[in-house]
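# Architecture at a glance
Each chain is listed here by its residues.
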Amino acid sequence: MANGERETARGHWASKTEFILSCMGYAIGLGNVWRFPYLCYRNGGGAFLVPYLLMLTLCGIPLFFLEVCLGQFSSTGCITVFKIVPLLKGAGIAIVVINFICTAYYNAIISYPLLFLWRSLQSQLPWESCHNAWNTARCVELRGSDTHVELFLNNSALSVSERYRTPADEFFHHEILHISDGIDHLGGVVWPLFVCDVLAWAIIFGCIAKGVQSVGKVVYFTATFPFLILAVLLVRGVTLPGALEGIRFYIMPQWDQLLNLRVWADAAIQIFFSLGPGWGGIVNMASYNRFQNNTKLDSIVIPVVNCGTSILAGFVVFSVLGYFSHQTGLPVATAATGGPGLAFITYPEAISMLPLSPLWACLFFSMLFFLGVDSMIEAIVSSVLDVFPAVRSKKLLITAGTCFLLFLMSLPCVTRGGMYLVQLLDWYSASISVILVCIVEVIAVGWIYGCERFVRDVQFMIGRKVERFWIVCWKFITPIVLTFIFGTTILYNTEVSYNGQTYPRWAIAIGWASCSVSMLCIPGYILYKLITSKGSFMKRVKNNLKPQDWGPADENQRALWNDHIECIQKRLVVRERVPK
C-alpha cells in the first residue's frame, strides 16, 4: 500500500477541536480528582505548586510536545513511530503490553462509578446509615455524636479487624465489592460489578468502533461533561458551611516542605502520570492530525488545562471535606485521603450529608465515569493496524476482538478479591516501565536521531521556529528529570497493601512480573534485531540506529521534506567552502 493510501486509510480528525478535546479527555482522568488534591495537601499545600509547575515547564510540556510532533510528523502509532530508531522499537511493543495489562484492570475501576450511580437513583442514599443488611457492629455514624467521632479518631490504635468504619466504607467494601479477606481468596464473581463491567466495555467499544471518526464525535461530550459537573460541584462546595476551612487546609503553603526531596519527587511523578506520556495515546492521537497543524500551541494549552483541572479539583474536594469536618467534628486531616478511598468512601460519605444528596451523588459518579472512559484501547488497535496495514479493512472486527480479550482479562478484577488485584497491578505494572519508555524515547530523539535533525523536521512540519528552550529540554533537562523520576519511583517504592491487608510474597512477585514483562521488551527486541541483522556487530548496531522509512506518510509532503533536506545540505556545503 502506498504511503498516501495508507494515510487516507488511517483518516484524520475532522477539526483541530476534536484533537484538543481528545487529548484533554485522555490526559484529564481519575488521578486529577483522587490523587492531586491529596498530594498537594500532604506536600505543603500551596507550596507544592512551586515544584509542580516547575516540573510541568521543564518536563511535562516538552515531553508532550515531543510525542505530539513524533505522531503528527510520521502519521503513525506508538510501535511504528520507532522507525526513527529501529533498534529501540521494543519500546513501542512495551507500550502495547503496558496498555493491555492496565486497560483490563482500569476498566474494572470505572465500573465502580456505574454501580454507585445506579444505587444513587433513589430518594435516600444507601450509605447514609448503619441500618442495612451489609453493615456490621463496627459501623459508626459520625453525624451528631461526639462519642462516635472519638471512637473513630482512636482507630489507628486498633487492629484492622477491630477498627470502626463509616457507612460509606462498609457500603463500598461489603455491598459494592463484597470484598474477601485477601488476594489469596479471590472468591466468585460479583455479578452487579460484572454487569457494570460489560456495560463499560460496550460503551467504550461504541466510542471507538469507527476509529478516529467515532472518537472525534464522542469527545465533544466525554471531554466536556466532566468539566460541567466539576463546575457545578465547585459552586455547591464553596457555598457549604466549613468549606473555607477545608480550602484553607488545602492551599495553606508550608514552605519548609520545599526542602524535602519527596515533595519534588511527588510533583514530578504527578506531572508525568497526569499528562500520560509513554502510554502511546498522545502519539496515536497526534498521528491523526493534519500535517501542518501547529503542535507547539497545542502542547502548551493542553498540559496547562490539565494542571489547572487538577488544582480546580482540589477546591472541589476540599470544600466538601471542610463541610464534612464541620458536620462531624473530625479534623480535615483525618478525612483527607487519596486514591479509591477518597473517591468511593470519604467523598460519598460527605455527599450523604448534603441536602438533595442523591442528586450530588449522581453528578459526582457520572463525572468519575466520564473521566475514566477515555481509554487507551484505540492506541492498541491503531498500533497493531500500523504494523499490519493489510488488515486495516477488518478494523471493526479487530477492535471488537481486542475489547473482548481485554474484557476476559478484566474478569478477575470483578471477583470478591478483585480490588486487591486492581491495587496490585496499579501499584506495579506501569509505574516504572512507562518512565523507562519515555527515557528511551527522549534518548532516541535527542541523542541518536539528533535534536538538530528533529528540530529541522518539526520546523518543516509546522512552519515555525523551534526555540532553543525545547532543544535544551529534549537533550538535557527532560532526560535528567525522567531519570530522577525513575530513581525516586524505585527509591520510594513500598510494598502494596489494601484495606489493612498485606500481600503475600507470591502476589508481590506477580506485581513485579507485570512490570518486568513490558520492560523486557526493550532489551529483548534489541537482542532480536542484532541477532537477525547481517554484518559485523558494530555494523549491525549502526544500521539499526539509522532511521528506516522515517518521514511524512503523505507522498507529497515526503517529497517536499526530501527537497527541504537537500536544500539544507547544499547550503551547509556552500558555507563550508566559503573561506573564513
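The residue numbers shown here count from 1 along each chain, following its written sequence. Reporting in this predicted model follows two pLDDT cut-offs: at least 70 for local features of residues, and 80 or more for side-chain atom pairs to be given and counted; totals over whole chains, interfaces and linings ignore these cut-offs and use all residues. Working from all heavy atoms in the structure, the side-chain values ignore hydrogens and water.

So the rule is basically this: UniProt positions are given in the numbering used here, feature names are shortened, and annotations may be inferred rather than shown by experiment.
As annotated in an unreviewed UniProt entry, the chain carries the name Transporter and is attributed to Anopheles farauti. As recorded by UniProt, the Subcellular location (unreviewed entry) comment attached to the chain reads in full: "Membrane".

### Thoughts on the UniProt feature "binding site: Na(+)" (unreviewed entry) in the chain
Where we set the bar: Here a cavity denotes grid points, spaced 1 Å and computed from the protein atoms alone, that fit a 1.4 Å probe unable to get out, and a pocket denotes an open set having protein on both sides within 12 Å along at least 5 of 7 lines; residues with an atom within 4 Å of a point are the lining.
In the numbering used here, UniProt assigns the feature "binding site: Na(+)" (unreviewed entry) to Gly25, Ala27, Asn32, Ser274, Asn306, Leu371, Asp374 and Ser375. Lining the second largest cavity, from the residues named above, are Asn32 and Leu371.

### Description of the layout of surface pockets
Unfilled space is identified by rolling a water-sized probe across the atoms. The cut-off we apply is this: Grid points are joined across faces, edges and corners, and a volume is the space filled by probe spheres set on the points. Put simply, DSSP H or I for four residues or longer makes a helix, DSSP E for two residues or longer makes a strand, and each gets a number counted from the N terminus. In this count, Pro and Cys sit with the nonpolar residues alongside Ala, Val, Leu, Ile, Met, Phe, Trp and Tyr, while Asp, Glu, Lys and Arg are called charged and the others, Gly among them, polar.
Taken as a whole, the second largest pocket encloses approximately 310 Å³ of empty space. In this structure, the second largest pocket is lined by 16 residues; those nearest its centre are Val160, Ser161, Arg165, His174 and Asn499. Top element by residues in the lining of the second largest pocket is helix α8 (residues 167-176). It accounts for four residues. Of the residues that constitute the lining of the second largest pocket, the class distribution is three nonpolar, seven polar and six charged.

### Some points on the packing of helix α22 (residues 433-462) against helix α23 (residues 468-491)
Using the following cut-off: To get an axis, fit a line to the C-alpha atoms, keeping to the stretch in contact for a helix; angles then go from 0 to 180 degrees between the N-to-C directions. Orientation categories follow fixed angle ranges, with anything under 35 degrees roughly parallel, anything over 145 roughly antiparallel, 65 to 115 roughly perpendicular, and all other angles oblique. Should the near helix be turned anticlockwise from the far one by less than a right angle, the crossing is termed left-handed; should it be turned clockwise, right-handed. By definition in these notes, contact holds between two residues if any of their heavy atoms fall within 4.5 Å.
Running from N to C, α22 and α23 point in directions that differ by 170°, and their axes come no closer than 9 Å. Looking at the two axes, α22 sits roughly antiparallel to α23. Here α22 and α23 pass one another in a crossing that is left-handed. Between α22, through Ile435, Leu436, Cys438, Ile439, Val442, Gly446, Trp447, Cys451, Glu452, Phe454 and Val455, and α23, the contact on the second element is made entirely by Ile471, Trp474, Lys475, Phe476, Thr478, Pro479, Leu482, Thr483, Ile485, Phe486 and Thr489. Class assignment for the residues of the contact of α22 with α23 results in 16 nonpolar, four polar and two charged.

### Quick word on the pattern of salt bridges
The test is simple: For this analysis, a salt bridge means a side-chain nitrogen from Lys or Arg found within 4 Å of a carboxyl oxygen belonging to Asp or Glu. Throughout this description, buried means an accessible area under 20% of the type-specific maximum (1.4 Å probe, protein chains only), exposed means over 50%, and partly exposed covers the range between.
Tallying each qualifying case throughout the model produces 14 salt bridges. Where Asp457 meets Arg456, a salt bridge forms, and the shortest distance between an N and an O atom there is 3.1 Å. For Asp457, a relative accessible area of 1% translates into the label buried. Of the residues examined, Arg456 reaches a relative accessible area of 17% and is grouped as buried. Sharing partners across several salt bridges, the network here consists of Arg42, Arg262 and Asp266.

### Observations concerning a nonpolar patch on the surface
Convention followed: Like charges within 9 Å and nonpolar side chains (Val, Leu, Ile, Met, Phe, Trp, Tyr) within 5 Å are joined into patches, using only residues over 30% in relative accessible area that form no salt bridge. Each accessible area is a Shrake-Rupley result for a 1.4 Å probe, and residues are judged covered by the shown protein chains and nothing else.
Taken together, the side chains of Ile443, Trp447, Val472, Phe476 and Ile480 make up a nonpolar region of the molecular surface, amounting to roughly 480 Å² of accessible area. Every element with two or more residues in the nonpolar patch is listed here: α22 and α23. Here the nonpolar patch takes three residues from α23, the largest share from any one element. On the basis of relative accessibility, which here comes to 41%, the residue Phe476 falls in the partly exposed class.

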